[in-house]
Amino acid sequence: MEKNQMGIRAALPGELYNGFCVLRDKRFQRTRYGKLYLLFEVGDASGRSYIRFWNYGSREREVVKGTILKVSGRVELIHSKRELQLEKWRLATAEEIHHLGDLLQPSSEMDIEGLLNRFMMLSKPAKNEQLLELWNHLYGNEKQYRELLRSPVGTLWHHNYRYGLLEHLITMLELAERLSVYNPSIKHELLKAGIIYHEIARRESLTLDEAFSFSNKGRLLGTRIMAWQLVMEEIGKIEGFPEGLKMELQHLILSAGFPGEEEGFPKAQTVEGIVLNHLIHTSAYSNAVCRIVTEGRLPGE
C-alpha cells in the first residue's frame, strides 16, 4: 500500500504532495470581501496545512473531523501559511487506515523506554509510606501507566504529540530534584506527587485516535477536576491516610495551572504549590518556544 513519501510539512512550496493526512479541523470562513469558503485543516506526523474550498458540495460538508483522507495537491504559501492547491481527494479505505497505524500522529523522538525507566525511578516515593501506597495504586500497573504516559499534554501549544506527557513530567521531576537539593525546605516527595498527579487524568481528558482532541469529559469537567476526583477516590481506599497530607495534595492538584486559568480554582499558597506552577510553566513554555524556533511556525500552523 502506498504511504506518504514525505510529511505534509516536508513538501516545499511548488512541490506536489500526494499522501494521507487527518482532517484536524474544518470551518467556514469569509474573505475580507465577504466571499464564503470552506477551510480544511489537515495534518500528519510532520505538521499541518490548509485546504481551501471555494466550490464545495455535500461531500466536503459532511466529512467529519478525525477522518483520514488521501489528498493530492501542490504546496503554496498564502500569507505565509502553507496551503494545498487541491487537485483531488478521497476518504482512506479501511485497509489503508489499518496499515497506517500511528504514522499520522506526531510522536516524541526520544528514547521512550529510557524515559519510562527514568520516570519510574524519579516518581516513586522512597520515604513517605502513604505516598508510596498511593503511587502503587495509580502507577503500579505497567499497562495502565504506559497508556497514560503515551498521551500528549495538549492539542496545539506544548508537548502536543504522543508521549508528550511523559516528556513533560520528566522535565518537571528532573528540575524538582535539583531545586530540592538547594532548597531543603521543599517537601520533595510532596512536590513530586503534585507533579505526577495533577496530570493523572490527562489521557482520559483527550481522544488519541487519528486527531488529538478533548474528550467530552475533558471539555465538560477539565483535567484538574478529573485528576482531583481520581486521586481522592484512591486515597479513600488507603486506611489511615493523613488528612493534612490529603489536603496538601488537593491544593497542589487544584491550584496547578497557567496564568488566566485561576477562576474557580484556588491560587497556589504553599511552597510546593508555587514551585509546581513555575515548573509547569517552565516545561510548557520551553517546549513550545523551542518547537516554534526549530520548526519556524506557531502552534497549529
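Fair warning: this is a prediction, and the values are worked out from it, not measured in the lab.

**Overview of the pairing of strand β5 (residues 81-91)**
Two strands pair when backbone bridges link them, and strand β3 (residues 47-53) and β5 are joined in this way by two bridges, in the parallel orientation. The residue bridging Tyr-50 from the neighbouring strand is Glu-83, located in β5. By the bridge criterion, ten bridges tie strand β4 (residues 68-78) to β5 in an arrangement that is antiparallel. Within β5, the residue paired with Lys-70 across the bridge is Arg-90. Count of turn residues in the β4/β5 antiparallel hairpin: two residues, of which His-79 carries a positive phi of about 50°.

**Overview of the packing of aromatic side chains**
For the structure on display, the rule yields seven aromatic pairs. Between the aromatic rings of Tyr-37 and Trp-54, the centroid separation amounts to 5.0 Å while the plane-to-plane angle is 50°, which identifies the pairing as tilted. Of the two residues, Tyr-37 is situated in strand β2 (residues 36-44) and Trp-54 in the loop between β3 and α1 (58-62); the sequence distance between them amounts to 17 residues. Residue Trp-54 is classed as partly exposed on the basis of its relative accessible area of 37%. Judged by centre distance (6.2 Å) and plane angle (75°), the rings of Phe-40 and Trp-89 are edge-to-face. Highlighted residues: Phe-40 in strand β2 and Trp-89 in strand β5, separated in sequence by 49 residues. Taken together, the aromatic side chains of Phe-119, Trp-135, Tyr-139 and Tyr-197 make up a single cluster linked through ring pairs.

**What about the pattern of salt bridges?**
Inspection of the entire model under this criterion finds 15 salt bridges. Linking Glu-96 and Arg-90 is a salt bridge whose minimum nitrogen-to-oxygen distance equals 2.9 Å. Judged by its relative accessible area of 11%, Glu-96 falls in the buried class. Note that Glu-174 is salt-bridged to Arg-118, the shortest N-O span being 2.8 Å. With Glu-174 in helix α6 (residues 164-182) and Arg-118 in helix α3 (residues 112-123), this pair connects stretches of sequence that are 56 residues apart.

**Considerations on unusual backbone geometry**
A positive phi is found at His-159, a non-glycine position, where the angle reads about 50°. Its location among the elements puts His-159 in the loop between α5 (142-149) and α6. Residue classification places His-159 among the buried residues on the basis of a relative accessible area of 2%. Of note in this structure, Tyr-163 is not a glycine but carries a positive phi near 70°. Of note, Tyr-163 is situated in the loop between α5 and α6. Take Tyr-163: its relative accessible area is 17%, and that puts it in the buried class.

**Digging into empty space enclosed by the protein**
All told, the structure shown has one cavity of 30 Å³ or more when counted by the stated rule. Of the voids in this model, the largest cavity is the one considered here, and its volume is about 40 Å³. In this structure, the largest cavity is lined by Ser-123, Pro-125, Leu-131, Glu-189, Lys-192, Ala-193, Ile-196 and Tyr-197. Of the residues forming the lining of the largest cavity, the biggest block, five residues, is contributed by helix α7 (residues 188-197). Within the lining of the largest cavity, the residues separate by chemical class into five nonpolar, one polar and two charged.

**Focus on the packing of α3 against α6**
Interaxial distance between α3 and α6 falls to 10 Å at its minimum, and their mutual angle equals 45°. Between α3 and α6, the crossing angle belongs to the class labelled oblique. Along this stretch, α3 crosses α6, giving a crossing that reads as left-handed. Contacts between α3 and α6 involve Ile-112, Leu-115, Leu-116, Arg-118, Phe-119, Leu-122 and Ser-123 from the former and Leu-166, Glu-167, Leu-169, Ile-170, Leu-173, Glu-174 and Glu-177 from the latter. Class assignment of the residues belonging to the contact of α3 with α6 gives a composition of nine nonpolar, one polar and four charged.

**Regarding the sheet that holds β5**
Read around the closed barrel, five strands run β1-β2-β3-β5-β4, paired in mixed fashion. Going across the sheet, the axis of each strand differs from the next one's by a mean of 50°, ignoring polarity. When strand β1 (residues 16-30) meets β4, the two strands line up antiparallel, connected through seven bridges. Note on β4: the bridge partner recorded for Leu-16 is Arg-74.

**A closer look at helix α4 (residues 129-139)**
Quick reminder: α-helices carry 3.6 residues per turn. Residues three or four places apart thus point the same way. For α4, the full list of buried residues reads Leu-131, Leu-134, Trp-135, Leu-138 and Tyr-139. Seen end-on, α4 carries its buried residues on one side only, within an arc spanning 105°. Buried positions along α4 lie against α3, α5, α6, α7, α10 (223-235) and α11 (243-255). A distance of 3.0 Å separates the backbone nitrogen of Gln-130 from a side-chain oxygen at the start of α4, and that oxygen is part of Asn-128.

Cut-off values and rules
- Residues numbered from 1 in each chain as written.
- Predicted model: local features only at pLDDT ≥ 70, side-chain atom pairs only at ≥ 80, totals over all residues.
- Heavy atoms only, no water.
- Pairing = 2+ DSSP bridges.
- Helix = DSSP H or I, 4+ residues; strand = E, 2+ residues; numbered from the N terminus.
- Phe/Tyr/Trp six-rings, centres within 6.5 Å; stacked < 30°, edge-to-face > 60°.
- Buried < 20%, exposed > 50% of the residue type's maximum accessible area, 1.4 Å probe, protein only.
- Salt bridge = Lys/Arg side-chain N within 4 Å of Asp/Glu carboxyl O.
- 1 Å grid on protein atoms, 1.4 Å probe; cavity = no way out; pocket = protein on both sides within 12 Å on 5 of 7 lines; lining within 4 Å.
- Points joined across faces, edges and corners; volume = space filled by probe spheres on them.
- Nonpolar A, V, L, I, M, F, W, Y, C, P; charged D, E, K, R; others polar.
- Axes fitted to C-alpha atoms, helices over the stretch in contact; angles between N-to-C directions.
- Parallel < 35°, antiparallel > 145°, perpendicular 65-115°, else oblique.
- Left-handed = near helix turned anticlockwise from the far one by under 90°.
- Contact = heavy atoms within 4.5 Å.
- Arc of directions from axis to C-beta.
- Polar contact = N/O pair within 3.5 Å; in protein donor to acceptor, adjacent residues only side chain to side chain.

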